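# Structural overview
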Amino acid sequence: MKKLINFMSIMLCCMMLATAFTACGGDDDGGSSSGGGGSTDNSTTKAKLVGKWQAIAAKGTFSRNGYNYKDINTKEIYGIDSLYSTPALIIINSDGKFESFHAELSNYKIINGTSYPFAYSWRKQGAYHGGDGEGTYTLEGNQIQLNDNAGSPFSIKATINSLTNDRLILHIVSEDDEGKCHENVIVTYGRDGDGVEYFTYPYLNWN
């Protein structure tokens, strides 16, 4: 009888261990399918990205020669459109293609001896104010790359800092062939231009 009880106790322990291992294995499988918090399934992000995104603010630093860095902190169209690497308007399509544009500034007015634009139209261009301004995009995690049809000199890679229904915040760091940073900027885009305040020029003495 004692042997039978011992045998049953051993069998019960084995069954409990097997159940525990099965549960752990299930957790591992579930973690793999969801990426363990690092999922490569970007379907939700891709769906949110589709649409027209217009730059409404930019902040950071830039340089045209790798030296003499200047600060960027602007909500004005002539400041945003002068960004070195970043188009002011990006259209993301559901078929994996994109279009990008820079502004053609016009209707300048002289205020306190300085000329300021008060109108603009869009011209199709890629990053760095060149290229075709259209191509395909890839998305890996929070990294988006706009691959211009004209080639890598006019393509752009950016980090998606934030993405909501009406705001897209990109962090762009551009470098030349020597690895000198030309621009390190965070650009906030509004869907369909929501939030644009291009012509306020609040620092001017309008009187």
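Let me sum up the structure you'll find in this document. As the structure is a computational prediction, the values presented were derived from the model and not from experiment.

Before going further, it helps to examine the overall build of the protein. Helix and strand counts for the protein stand at three helices and twelve strands. Looking at the protein alone, contacts between residues at least 24 apart form 54% of all its contacts between residues at least 6 apart. For the protein, the exposed area adds up to about 12,100 Å²; of that, 53% sits on carbon and sulfur atoms.

Let's shift gears to the pattern of salt bridges. A side chain with one charge may pair with a side chain of the opposite charge, provided their charged atoms come close. Applying the stated rule across the entire model yields five salt bridges. Between R123 and D81 there is a salt bridge whose closest N-O contact spans 4.0 Å. In this pair, R123 sits in strand β7 (residues 119–124) while D81 sits in the loop between α3 (77–80) and β3 (89–92), placing the two residues 42 residues apart along the sequence. K124 serves as the salt-bridge partner of E134, at 2.9 Å between the closest nitrogen and oxygen. Taken together, the residues span a long stretch of sequence, with E134 in strand β8 (residues 134–140) and K124 in strand β7 at a distance of ten residues. When its relative accessible area of 33% is taken as the criterion, K124 is described as partly exposed.

Ranked by internal contacts, the top residues of the largest apolar core, which has 30 residues, are I92, I144 and L170. Top element by residues in this core is strand β10 (residues 156–163). It accounts for four residues. Grouped together as the second largest cluster of nonpolar side chains are five residues, I111, Y116, F118 and L204 included.

Definitions and limits used
- Residues numbered from 1 in each chain as written.
- Predicted model: local features only at pLDDT ≥ 70, side-chain atom pairs only at ≥ 80, totals over all residues.
- Heavy atoms only, no water.
- Helix = DSSP H or I, 4+ residues; strand = E, 2+ residues; numbered from the N terminus.
- Contact = heavy atoms within 4.5 Å.
- Areas by Shrake-Rupley, 256 points an atom, 1.4 Å probe, with all protein chains shown as cover.
- Salt bridge = Lys/Arg side-chain N within 4 Å of Asp/Glu carboxyl O.
- Buried < 20%, exposed > 50% of the residue type's maximum accessible area, 1.4 Å probe, protein only.
- Core = buried A, V, L, I, M, F, W, Y, C linked by side-chain atoms within 4.5 Å.

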